[in-house]
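Now for the letters of each chain:
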Amino acid sequence: MDIQYVYTKKRAEFGRQVHFTDRPVEIVADIQPNPELIQEYVARNPVDIGVQNVREFSEHWVNTVRFETENRGINHVEGGWPKDVNSLEPDQTSRFRKKTEKEDGYGRAILSLGHSIEHTIKQNNAIDIYENYFQNLEPDVVEEAPYAKTINIYRDPHSTQRTANHISWYADGPRKIAVSYCNLEFQSATSDSFIDSYIWDIENPTKPELYLKPISPLVCIEFNPKDTHQLAGGCYNGQVCIFDTRKGSTAVEQSLIENSHRDPAYKVIWLQSKSGTEFFSASTDGKVLWWDTRKLSEPVETLILDIEKKGRIENALGAMSLEYEPTMPTKFMVGTEQGRIISCNRKGKNDAEKIGSVFPGHWGPVYALQRHPNFTKNFLSVGDWTVRIWSEELRDDCIMWTKPSMHTITDAQWSPTRSSIFYTTKMDGTLDVWDILFKQNEPTLSMQVVDEPLHCLRVQESQGRLIACGSQNGTVTLVEVSDNLCTQGKSEKTLVSGMFDRETRRAKILEARGRAKRDARTKSAQGEKGEKPTTEGGTGESDLKEADPIDKAEKDFWKIIEEEKRRRDRKFVADDEKAAGESGAVT
């Protein structure tokens, strides 16, 4: 029912000033209740109502008037001269100065101004307003226990459980992360599996910022460090593809399947180049392929990982991880499925020259591989339940390692801000923080991130405070560590360098002794067969006894000491003879 009330007045009264007056109450409409509507409601009996016995407050927001600023320039010129004096003419200005100095009031004005100027000068000389009083004062360092806390959780919006295999941080600050989701268990994969991956805004865990729709599930993904809108991904079917966030969710470029890998592309890394368009990929099919985004139909270069250096694909080792340091643009390292670690150089003319050192690695696949950010000749690897630290100067064994874990270690990464710390993830959902300067037998901090296996981690490089961990069910957890885990001490870098050098020397000594023992056993075996000739006046047993490396090193040491003593004795005798000759000449 519409209620209307019409106000009427003459045309001549339009626009006049309105005068309001009091009047009695008037009923415009009276709506009686409808008894039929009672049948549509149920009476509440009893009625429970909560009442708060507190004072009610109201909140108001007020915006003040915006203060507007404006920048203006001033053209300063020398002024104060009379109109008949040209300030650009030195003769006129000097003549006017001499005339003014001869006036009677000039001296009194200078004397009156001198007292105030003298006071100001004394103040400036007494107090240095730019002095830093706390320059040499060391800050108070509060020794607190290291800790880590979860600050955000990003769950896969799709109902199908998929593994978060790889994480990449946005190149321009800790604002976004790209996560690739893929089920690598071939037996459990279904035809209707969801293949999308996401880019997350770390401030918004409820919904992905962008969906990435590849032709095949992404196994790995990486932001381009030179173009933050561009990403490279390695697919489950072996292809590589390029995404551009400005052009939508689908891939803008992808390689031809006949020119791609035959197995999943487990790793892609952008190369240090002037164009910023080159990257390379590795797969368990035994190939490393170099690509250019300007022509992605076929690879620019191919390397077959045959450590026998014959270039045969049937003998190639499958690649599981890659390592690339931008400061060494031609060198890279490959962690293989068979446990070997291959050091390569792209400068080689053929595959045999490109494959360099081969490290024994692990008893199983190498899941992670990374050079130290400050000491590039040292690198860590993950496999067979341990983390190992290697030196390029030694090929037979590592210099440091962790004790075997009860659960498989899936990933590891050095801290970008602290030289002695690295992080690991395990299959029991634990994130471990290792400080090799503090203790080496166990992690400094262990945090139970989730109750499911963790498969990957990535540390934000600019600050080193945020760590993103990906789990088997597609959950990505953002962890923040304490200040003492991301702030480096004054002498920490020097101490870590000394530790690496000391462990490298120790490993070299052990390697030399082991090689000597192996040679001794070989000679012993030859002597038992009658193949070893004896020296003059000796037997084979005495030769074998002298071949013991410990005895030989001890004999060499004492031999050097005796030679040094004899050299010093000869020097003393020569000095005495020289002194005696000089005294005889004086007499």
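Residues numbered from 1 in each chain as written. Predicted model: local features only at pLDDT ≥ 70, side-chain atom pairs only at ≥ 80, totals over all residues. Heavy atoms only, no water.

1. Details of the environment of G233
If you trace the backbone, G233 turns up in strand β7 (residues 230-235). Looking at G233, the relative accessible area reads 0%, which means it is buried. Measuring from C-alpha to C-alpha, the distance between G233 and K267 comes to 8.4 Å, with 34 residues separating the pair along the chain. The contact partners of G233, leaving out residues within four places of it in the chain, are L218, C220, I221, Q239, V240, C241 and V268. (Helix = DSSP H or I, 4+ residues; strand = E, 2+ residues; numbered from the N terminus. Buried < 20%, exposed > 50% of the residue type's maximum accessible area, 1.4 Å probe, protein only. Contact = heavy atoms within 4.5 Å.)

2. Some points on the packing of aromatic side chains
In the structure shown here, the tally under the stated rule is 18 aromatic pairs. Look at Y170 and F223: their rings are 5.5 Å apart centre to centre, the planes differ by 85°, and that puts the pair in the edge-to-face class. With Y170 in the loop between β2 (163-169) and β3 (176-182) and F223 in strand β6 (residues 218-223), this residue pair connects regions lying 53 residues apart in the sequence. Arranged with centres 6.1 Å apart and planes meeting at 5°, the rings of F422 and W434 form a pair that is stacked. Of the two residues, F422 is situated in strand β23 (residues 421-426) and W434 in strand β24 (residues 430-435); the sequence distance between them amounts to 12 residues. There is no split in this pair, since F422 and W434 are both buried. Three or more aromatic residues joined by ring pairs form one cluster here, namely Y154, Y181, Y198, W200 and Y211. A cation over an aromatic ring shows up here: K176 above the ring of Y170, its NZ or CZ 5.1 Å from the ring centre. (Phe/Tyr/Trp six-rings, centres within 6.5 Å; stacked < 30°, edge-to-face > 60°. Lys NZ or Arg CZ within 6 Å of the ring centre and 35° of its normal.)

3. Things to note about the sheet that holds strand β1 (residues 148-154)
Strand order in the open sheet made by the 4 strands is β1-β28-β27-β26, with antiparallel pairing throughout. Single-partner strands in this sheet number two, and they are β1 and β26 (454-459). On average, each strand axis in the sheet is tilted by 25° relative to the strand beside it, whichever way the strands run. As defined by bridge partners, β26 adjoins strand β27 (residues 466-471) across 5 bridges and the pair is classed as antiparallel. If you follow V459 over to β27, its bridge partner there is I467. (Pairing = 2+ DSSP bridges. Axes fitted to C-alpha atoms, helices over the stretch in contact; angles between N-to-C directions.)

4. What to know about the pairing of β6
Burial of β6 is extensive: 6 of the 6 residues sit out of reach of the surface. The pairing of β6 with β7 spans 5 bridges and is antiparallel. Counterpart to C220 in the pairing with β7 is G234. Between β6 and the antiparallel strand that follows it, β7, lie 6 residues.

5. Some details on helix α2 (residues 104-126)
The first and last C-alpha atoms of α2 sit 35 Å apart over 23 residues, in line with the 33 Å expected at 1.5 Å per residue. The largest bend in α2 is about 30°, located at G114. (Expected span 1.5 Å × (residues − 1). Bend = angle between axes of the 7 residues up to and from the residue.)

6. Comments concerning unusual backbone geometry
The amide bond that connects N45 to the next residue, P46, takes the cis arrangement and shows omega of 5°. Within the element layout of this structure, P46 appears in the segment before α1 (90-101). For D384, which is not glycine, the phi torsion reads 40° and is therefore positive. Classification of D384 as buried rests on a relative accessible area of 12%. The residue W385 is not glycine, and still its phi comes out positive at about 65°. Secondary-structure assignment places W385 in the loop between β19 (378-383) and β20 (386-391).

7. Remarks on the sheet that holds strand β25 (residues 445-448)
Across a sheet, strands are paired by hydrogen bonds formed along the backbone, either parallel or antiparallel in direction. Within the open sheet, the 4 strands sit side by side as β22-β23-β24-β25. Their pairing is antiparallel. Pairing within the sheet leaves two strands with one partner each, and these edge strands are β22 (409-414) and β25. On average, each strand axis in the sheet is inclined to that of its neighbour by 15°, with strand direction left out of account.

8. Remarks on the confidence of the model for the protein
The pLDDT averaged across the protein works out to 84; a share of 88% of its residues lies at or above 70. Throughout residues 532-547 the model reports pLDDT below 50, and contacts reaching past four residues in sequence, or to other chains, amount to 16 contacts. (pLDDT = per-residue confidence, 0-100.)

9. Structural notes on the nonpolar core
L380, I389, I399, M400, F422 and F500 are the most contacted members of the largest nonpolar core, which totals 19 residues. At the level of secondary structure, the elements contributing two or more residues to this core comprise β19, β20, β22 and α4 (492-528). With 4 residues, α4 is the largest single contributor of residues to this core. Setting aside anything within four residues of it in sequence, one finds F422 in contact with L380, V387, I389, T402, Q413, W414, S415, D432, V433, W434 and I436. With 17 residues, the next largest nonpolar core counts F280, L303, I342 and I355 among its residues. (Core = buried A, V, L, I, M, F, W, Y, C linked by side-chain atoms within 4.5 Å.)

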